[in-house]
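This is what each chain is made of:
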Amino acid sequence: MDENTGGLAGLFAPERVAVIGATESEGSIGRAITQNLQADFAGETVPVNPNYDDVLGLKCYPDIDDVPGELNLAVVVVPPKIAVEAVRQCGEAGVRNVVVITAGFGETGSEGASREQELTEVAAEYDLNLVGPNSLGVMSTPTGLNATFGPENALSGSISFMSQSGAFITAVLDWANDEGIGFKDVVSLGNKAVLDETDFVEAWGDDPDTDVILGYLEGVEDGAEFIESARRVTDDTPIVMVKSGRTEAGAQAVSSHTGTLAGSEQAYEAGLEQAGVLRVENVQELFDFAQILSGQPIPESDDVAIVTNAGGPGVMTTDAVGDSNLSLASFSDETLSELSEAMPEEANIYNPIDAIGDADIERFERALDIALADENVGCAVVLSAPTAVIDFDDLSEVITDLQAEHGKPIASVLMGGESTESAREVLREGGIPNYFDPARAVRSLDSLSRYREISQREYEAPEKFDVDRERAREVLERAEERGDNRLGVEAMDLLSAYGIPTPEGTIAEDPEQAVAAAQDIEGDVVMKIVSPDILHKSDIGGVKVGVSPEDVYDAFEDLVTRARNYQPDADILGVQVQEMVDLDSGTETIIGMNRDPQFGPLLLFGLGGIFVEVLEDTETRVAPVSEREATEMVDGIRSAPLLRGARGRDPADREAIVESLQRLSQLVTDFPAILELDVNPLVAGPDGVQAVDVRLTVDTDELEES
């Protein structure tokens, strides 16, 4: 990749651009791109097409090899059957940056997919920065670059924007141009055959002219790589994304609780949060957040002052603060004294400050100045309904000047239509966004607060425990030996190998072995049928609790008989004879993992036993997790007070749960062949945890390769 600023400088700041497939045909993409470049691009546009001597007044070359001098960027718009060869010729000609507009690749079926694979191989051979295929193109406003077939160019700004949908870009640009919102770089990712969202996050993170990174994504190519890059970038540059599409967690059969509860949507939710991305639900929030993050400072505190001339909207704003992570600022006595002197008697000087409907510009200015000067105030919402005594243009000047003077972020709510247009322009030049809806203003200030927390995070490395990896592999290989990719309690040794405590026990293949096993365990035992074909053992009477040594023989035969009657063709491996675990003094929890196609191992924690499906009270994180992240999982469930000893219960050993989550995280990271795994229940008592039951699914082909 290019060594210049942002790593992709040749893509966004080229001096000469070739359009391969440029044409004069009305309505063609080749013509649209050539015209767009001609209109605004500060550099040179070079058409390439053997059928023309010139295109739109520009000298046209038959082949890219025939173009004299260096080319920094090539835009490919030829038909799909010759597009790969055109890209190869770019590589041979030394063009490092290529945008493939052409569709008809991986999005169209098997022939297109093989064509896309060939394209990827050509790009790798020549080390190309390749965007697309099936892309609208790229834009960069500092040089006026519009290498797209969209209908209009972007306005200049400091927001860089990527989208998997080209149509979405054209719609956003049309709207943003009306709103006066500008961009630095814009890229249509297309099929992401080479460059994907992580590449642009890294490039824009290193770009001093990009203040905010926006994304509209339908998927993430490599979740782990994306998290690592985004964590680094969000130290200095906010990332705001809309993630659309709710897809299935993967092609493998989901047979575990974790697989059911922790699907792809949860993986994105957890992965983007761990990456430090501000995820939004809609396009309005995407640009609300972008505007305030690019134009306003980060507040030192989350305490909001509200200054208004309208009581009703002031209450709406207060409600919105209550719905956010922000809080109403408590004014100091000095501030209240100053407000009391400055405001009429019928005004409200407590937060929210209601300067009442006859407030003129001087009263508004005085109220806002006093509020911003209070050290208890971190940020402010200024809200005004149109009145005969307030000129919005004058008010916008006051807001802009006071924000610059005090250095605290402000969100403006000028509640009007045409009367606000020129005022909004003044505010925009001062970096202050304006909203008609007070709730949008508060949510935007909240995004500043959330970004402050993100930028201050310190990511700690996951702890590496001393484990018996070879013993774990031997257990996993049993699935392959049996010709079945599922393992149950016969895999308890897998947990022991990674230091997750398990009760004493063994699997007996006949009644005599069961009796011998019970004699090695002190007291009564638990007995469970062991079969990969019987997932819910207790539902068929496949579990016996509190079996005395003299009853073990008969219990073995009874369990096998019940299993045979329930499912005659079930593969019965034997009966587990296990030490009794005191469930009364402990809390049943679940720790588990489901492997997501994009983000990899997704860890889950929640209440276990019968509660896991009923309550669905769980926390998820993408593995590997640090101690802090594992602790957040344990403390984050709604039922966490139960673990802390609510209603007279003994507190559970939460540190032992946290460590078990970390050890499970290491296990599923070490063995990508584990597709899903449940430890349910993991009984958490006052003096530690015990993994009572386990089941997992293994990709035996992956195990062979690793």
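Cut-off values and rules
- Residues numbered from 1 in each chain as written.
- Predicted model: local features only at pLDDT ≥ 70, side-chain atom pairs only at ≥ 80, totals over all residues.
- Heavy atoms only, no water.
- Pairing = 2+ DSSP bridges.
- Helix = DSSP H or I, 4+ residues; strand = E, 2+ residues; numbered from the N terminus.
- Axes fitted to C-alpha atoms, helices over the stretch in contact; angles between N-to-C directions.
- Contact = heavy atoms within 4.5 Å.
- Core = buried A, V, L, I, M, F, W, Y, C linked by side-chain atoms within 4.5 Å.
- Buried < 20%, exposed > 50% of the residue type's maximum accessible area, 1.4 Å probe, protein only.
- Right-handed = clockwise from strand over helix to strand, strands pointing away.

Novice: Provide a residue-level description of the sheet that holds strand 24 (residues 574–579), including the pertinent values.
Specialist: In a beta sheet, neighbouring strands pair by backbone hydrogen bonds and run either parallel or antiparallel. Strand order across the open sheet formed by four strands is 21-24-22-23, with antiparallel pairing between neighbours. Because the sheet does not close on itself, it has two edges, and the strands there are strand 21 (505–508) and strand 23 (543–547). Neighbouring strand axes in the sheet, compared pairwise and without regard to direction, differ in orientation by 20 degrees on average. With three bridges connecting them, strand 22 (residues 525–530) and strand 23 associate as antiparallel partners. In the sheet register, Lys 528 faces strand 23, and the bridge partner there is Val 543. Contacting strand 21, strand 22 and strand 24, helix 19 (residues 511–519) runs over the sheet at an angle of about 170 degrees to strand 21. Against the sheet, helix 20 (residues 552–566) makes contact with strand 21, strand 22, strand 23 and strand 24, and its axis sits at roughly 30 degrees relative to strand 22, the strand it touches most.

Novice: Just give me the short version of the nonpolar core, but keep the residues and values in it.
Specialist: Of all hydrophobic cores here, the largest spans 48 residues; its most connected members are Leu 476, Phe 605, Ile 674, Leu 677 and Leu 696. Considering each element in turn, this core owes the most residues, seven residues, to helix 24 (residues 654–670). Among all residues touching Ile 674, those that are not within four sequence positions of it are Leu 476, Met 593, Arg 595, Leu 667, Val 668, Leu 696 and Thr 697.

Novice: So what's going on with the pairing of strand 18 (residues 379–384)? Which residues, and what values?
Specialist: Walk down a regular strand and you will see the side chains alternate between the two sheet faces. Along strand 18, six of the six residues are buried, which leaves the element largely enclosed by surrounding structure. Here strand 18 shows no split at all, with Cys 379, Val 381 and Leu 383 on one side and Ala 380, Val 382 and Ser 384 on the other all buried. The pairing of strand 15 (residues 303–308) with strand 18 spans five bridges and is classified as parallel. When the sheet's bridge partners are listed, Val 307 is paired in strand 18 with Val 382. With five bridges connecting them, strand 18 and strand 19 (residues 410–414) associate as parallel partners. The residue bridging Val 381 from the neighbouring strand is Ala 411, located in strand 19. Each parallel crossover has a hand, and the one from strand 18 via helix 14 (residues 392–406) to strand 19 is right-handed.

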